[in-house]
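One-letter residues, chain by chain:
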Amino acid sequence: NFLNKPAIMKDGTEIKIGINIGSQEFDVPTDRYDFIGLFRTEFLYMEGKELPGEETQFEAYRQVVQKAKGHPITLRTLDIGGDKTLPYMELPKEDNPFLGKRAIRLCFAEKELFLTQLRAALRASAYGPLQIMFPMVGSLEDIRKAKEYLNLAKEQLKERKQQFDEQIRIGIMIEIPAIALIADLAAEEVDFASIGSNDLTQYLSAADRMNPEVAAYYRSDSTAMLRLLRFVFQEFSKRGKEISVCGEMAGNPETAQLLVGLGARKLSMSSGNIAGVKAKLAECTLQELTALAEKKL
Ligand code: PEP
Ligand code: MG
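Now for a description of the structure that goes with this document. (Residues numbered from 1 in each chain as written. Chains lettered and ligands numbered in written order. Predicted model: local features only at pLDDT ≥ 70, side-chain atom pairs only at ≥ 80, totals over all residues. Heavy atoms only, no water.)

Let's talk about the overall build of the protein chain
Part 1: The secondary structure content of the protein chain amounts to 12 helices and nine strands.
Part 2: Scored against the burial criterion, the 297 residues of the protein chain give a buried share of 54%.
Part 3: Relative to all contacts within the protein chain whose residues are 6 or more apart in sequence, the contacts with residues 24 or more apart total 69%.
Part 4: Surface accessibility of the protein chain: about 13,300 Å² in total, with carbon and sulfur atoms responsible for 48%.
Part 5: Distance between charge centroids for the protein chain: 3 Å, based on 39 positive and 42 negative side chains. (Helix = DSSP H or I, 4+ residues; strand = E, 2+ residues; numbered from the N terminus. Buried < 20%, exposed > 50% of the residue type's maximum accessible area, 1.4 Å probe, protein only. Contact = heavy atoms within 4.5 Å. Areas by Shrake-Rupley, 256 points an atom, 1.4 Å probe, with all protein chains shown as cover. Lys, Arg positive; Asp, Glu negative; His and termini not counted. Charge placed at Lys NZ, Arg CZ, Asp CG, Glu CD.)

Next comes the structure, spelled out in structure tokens:
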């Protein structure tokens, strides 16, 4: 049984296993994972009748920090738009919502909404190792702008004399090809990144992730995707910056093997996939997986 043991490959290489969670109600024993690689915060916004206030969010985030018992947590800021909408908020009708005002783009337009979430997340960082991740970043300008908002939120908390981790680590999702292709430059701007292979595959292959009609075109193991992934791993690793994967690719045993072969050492997945991935990784050596990836490339 691999479930509550570290993910060690045949040659001794350890792969760090993260979990993806969607609310503070998650219930995964802490010996099954090394980190929370993706804390999706949309639920807080989708379940209520109005925008959640700073206190509500702070309480939820702090609960996650406490439950994780010292494991690092990556909190992703709001990723609404695209397939997810808010009943109480008037969002623009778009012909192509996945290419529209989604996630960070919406947050930039809704300044108070964004600052409220950032303050709540910062305050939770006073209780444990919480880091903040921005979704749907497409350029260095996006990264810099997001950091400006974070700095503003920090100043607001300082004025109120409220505690937060001054050294809080900030990162981005890599899910738009335009940012993946400048991973060398992006890595200089952040402490870490996580590859959102679900969206990255969709945008790279121009195939809707929700549309079964084009499922055959939506391929996360295409040569193009694998080359892009290898580039991202290389550029982040070279600079000593943390890089992980939190899309579905990380939770599927076959693609998890490929990711490790391409350079991944941290994989984050839904908790149901942990045992399968750990078991599969234990079957092989790093050298074998590197060779497997090379062949695919
Ligand atoms: C992804 O795009 O791979 C991802 C993890 O984010 P989401 O599935 O929430 O869009
Ligand atoms: Mg995504």
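Structure's up, so let's keep going.
Regarding the pattern of salt bridges
Part 1: Counted under the stated rule, the structure contains 26 salt bridges.
Part 2: Salt-bridge contacts for K16 lead to E14; the nearest nitrogen and oxygen are separated by 3.4 Å.
Part 3: The partner of D79 in a salt bridge is R76, with the nearest N and O atoms 3.6 Å apart. The two residues D79 and R76 agree in class, both being buried.
Part 4: Salt bridges here are not isolated pairs; linked through shared partners, they connect E42, R76, D79, K84, R102, D199 and R209. (Salt bridge = Lys/Arg side-chain N within 4 Å of Asp/Glu carboxyl O.)

A word on helix α11 (residues 274-282)
Part 1: Every buried residue of α11 is listed here: I274, V277, K278 and L281. Along the axis of α11, the buried positions cluster into a sector of 100°, meaning they face one direction only.
Part 2: On its buried face, α11 sits against β1 (7-8), β2 (14-21), α10 (253-262), β9 (266-269) and α12 (286-296). (Arc of directions from axis to C-beta.)

Side note on the nonpolar core
Part 1: I36, L229 and L267 are the most contacted members of the largest nonpolar core, which totals 96 residues.
Part 2: L267 has contacts with I15, K16, I17, G18, F35, V245, A250, A256, L259, V260, V277 and L281, leaving out every residue within four places of it along the chain.
Part 3: M133, M173, F192 and C246 belong to the second largest nonpolar core, which has five residues in total. (Core = buried A, V, L, I, M, F, W, Y, C linked by side-chain atoms within 4.5 Å.)

What to know about unusual backbone geometry
Part 1: The residue K69 is not glycine, and still its phi comes out positive at about 45°.
Part 2: Secondary-structure assignment places K69 in the loop between α2 (54-67) and β4 (73-76).
Part 3: Even without a glycine there, the phi angle at A206 is positive, about 55°.
Part 4: Within the element layout of this structure, A206 appears in the loop between α8 (197-205) and α9 (223-238).
Part 5: Taking the relative accessible area as the measure of exposure, A206 reaches 71% and is therefore exposed.

Focus: the coordination of the magnesium ion (ligand 2)
Part 1: Coordination of the magnesium ion (ligand 2) by the protein is provided by E175 (OE) and D199 (OD), with metal-donor distances spanning 2.0 to 2.2 Å. Highlighted residues: E175 in the loop between β6 (170-174) and α6 (177-180) and D199 in helix α8, separated in sequence by 24 residues.
Part 2: Given the relative accessible area of 2%, E175 is considered buried. (Donors = N, O, S within 2.8 Å, 3.2 Å for Na, K, Ca; no water.)

A look at the site of ligand 1
Part 1: The immediate surroundings of ligand 1 are formed by 14 residues, with R40, R76, G196, N198 and R209 found nearest.
Part 2: Within the side chain of E175, a nitrogen or oxygen atom sits 3.1 Å from an oxygen atom of ligand 1.
Part 3: The separation between an oxygen atom of ligand 1 and a polar main-chain atom of S197 is 3.1 Å.
Part 4: Protein chains bury 98% of the 290 Å² of accessible surface belonging to ligand 1 in isolation.
Part 5: Secondary-structure elements contributing two or more residues to the shell around ligand 1 are β3 (35-40) and α8.
Part 6: The element best represented in the shell around ligand 1 is α8, accounting for three residues. (Near = heavy atom within 4 Å. Polar contact = N/O pair within 3.5 Å; in protein donor to acceptor, adjacent residues only side chain to side chain.)

A look at the side chain of S268
Part 1: Here S268 is to be found in strand β9.
Part 2: What S268 contacts, discounting residues up to four positions off in sequence, is G18, I19, N20, F35, G37, L38, V245, C246, G247 and A250.

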